[in-house]
Amino acid sequence: MKIICIGLNYANHIKEMKSFKTDAEPVFFMKPDTALVIDNKPFYYPAFSKEIHHEVELVLKISKTGKHIDADFAKNYYDEIGIGIDFTARDLQAKCKEKGHPWEKAKAFDSSAPIGKFLAKKEFGDINNINFHLNINGNTVQKGNTADLLTSFDYIIAYVSTFVTLRQGDLIFTGTPEGVGPVKIGDKLEAFIEDAKMLEFDVK
Ligand code: MG
């Protein structure tokens, strides 16, 4: 399986990164399966970075193979929604950006993608109005709602599948809202969809 991540998909996060998009096309990158952390296992702070940032994101689970998927049919290609953290070595990413290099070192490292439980898509009333948030040590640091997505789930699937065949079990991280920031050893992260806690783990 593979993990596809959408970047810059909430306007207020683009502002906080002092980033910009030159057109309406989504930005995406990938993480390998070695990035996954499951079962609420701890995240071990890597030695190569001094600035690991949390990015809480809703995650789509792909349910069947598809390529060149039309946005009108995209809803048939994912059946579950969960939540995860797109951990980012912001210090390394800044250097990559400076040099115009790819981001993999900063984004795709081992354990950079903890994921929680998934819910069946049919359990959601309105896909375009899902609240989610991240608490660190009991304080809410990031809050999002899918109404603010710049690129909707359906169009993400259509766009990505133009370039990369999607397969059952692939995951798509759909972008982070504003409020990204550093984590430190000893922090407890808890991620929620609506009021349900879907993921919790410690930084060690
Ligand atoms: Mg992200």
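Above: the structure in question.
These figures come from a predicted structure and were not determined experimentally. (Residues numbered from 1 in each chain as written. Predicted model: local features only at pLDDT ≥ 70, side-chain atom pairs only at ≥ 80, totals over all residues. Heavy atoms only, no water.)

Chemist: Would you mind showing me how to read unusual backbone geometry here?
Modeler: The phi angle of most residues is negative, glycine excepted, and most peptide bonds adopt the trans form. Positive phi outside glycine occurs at His68, with the angle close to 50 degrees. Here His68 lies in the loop between β5 (56-62) and β6 (78-85). Since its relative accessible area comes to 54%, His68 is described here as exposed. Phi angles above zero are rare outside glycine, and Asn137 is one such case at about 50 degrees. Relative to the assigned elements, Asn137 resides in the loop between β9 (131-136) and β10 (139-145). (Helix = DSSP H or I, 4+ residues; strand = E, 2+ residues; numbered from the N terminus. Buried < 20%, exposed > 50% of the residue type's maximum accessible area, 1.4 Å probe, protein only.)

Chemist: Just checking my understanding: could you explain the environment of Ala113 for this structure?
Modeler: Examined against the element boundaries, Ala113 turns out to sit in strand β8 (residues 113-120). Overall, the relative accessible area of 0% leaves Ala113 in the buried class. Taking the C-alpha atoms as reference points, Ala113 and Lys31, separated by 82 residues in sequence, lie 8.0 Å from one another. Each residue touching Ala113, except ones within four places of it in the same chain, is listed here: Ile3, Lys31, Ala35, Leu36, Val37, Ile85 and Phe173. (Contact = heavy atoms within 4.5 Å.)

Chemist: Would you take a moment to explain the packing of aromatic side chains for this structure?
Modeler: The description of two aromatic rings rests on the distance between their centres and on the angle between their planes. The full count for this structure, using the stated rule, is 10 aromatic pairs. Ring centres of Phe48 and Phe109 lie 5.3 Å apart, and the angle between their planes is 75 degrees; this geometry places the pair in the edge-to-face category. You can see Phe48 sitting in the loop between β3 (36-37) and β4 (52-54) and its partner Phe109 sitting in the loop between α3 (104-107) and β8, a full 61 residues away along the chain. The exposure class of Phe48 is partly exposed, given its relative accessible area of 42%. Within the aromatic cluster, the residues linked to one another by ring pairs are Phe28, Tyr155, Tyr159 and Phe163. Across the ring face of Phe118, the terminal group of Lys61 is positioned such that the distance to the ring centre comes to 4.4 Å. A cation sits over an aromatic face here: Lys64 above Tyr77, 4.8 Å from the ring centre. (Phe/Tyr/Trp six-rings, centres within 6.5 Å; stacked < 30°, edge-to-face > 60°. Lys NZ or Arg CZ within 6 Å of the ring centre and 35° of its normal.)

Chemist: What is the right way to read the coordination of the magnesium ion from this model?
Modeler: By definition of the ideal shapes, a tetrahedral metal site with four donors has angles of 109.5 degrees and an octahedral site with six donors has angles of 90 or 180 degrees. Every protein donor of the magnesium ion is accounted for by Glu55 (OE), Glu57 (OE) and Asp86 (OD), and the metal-donor separations fall at 2.0 to 2.1 Å. Written as a sequence motif, the donor arrangement for the magnesium ion is E-x1-E-x28-D. Here the residue Glu55 occupies a position in the loop between β4 and β5, and Asp86 occupies one in the loop between β6 and β7 (88-89), the gap between them amounting to 31 residues. With respect to burial, Glu55 and Asp86 carry one shared label: buried. (Donors = N, O, S within 2.8 Å, 3.2 Å for Na, K, Ca; no water.)

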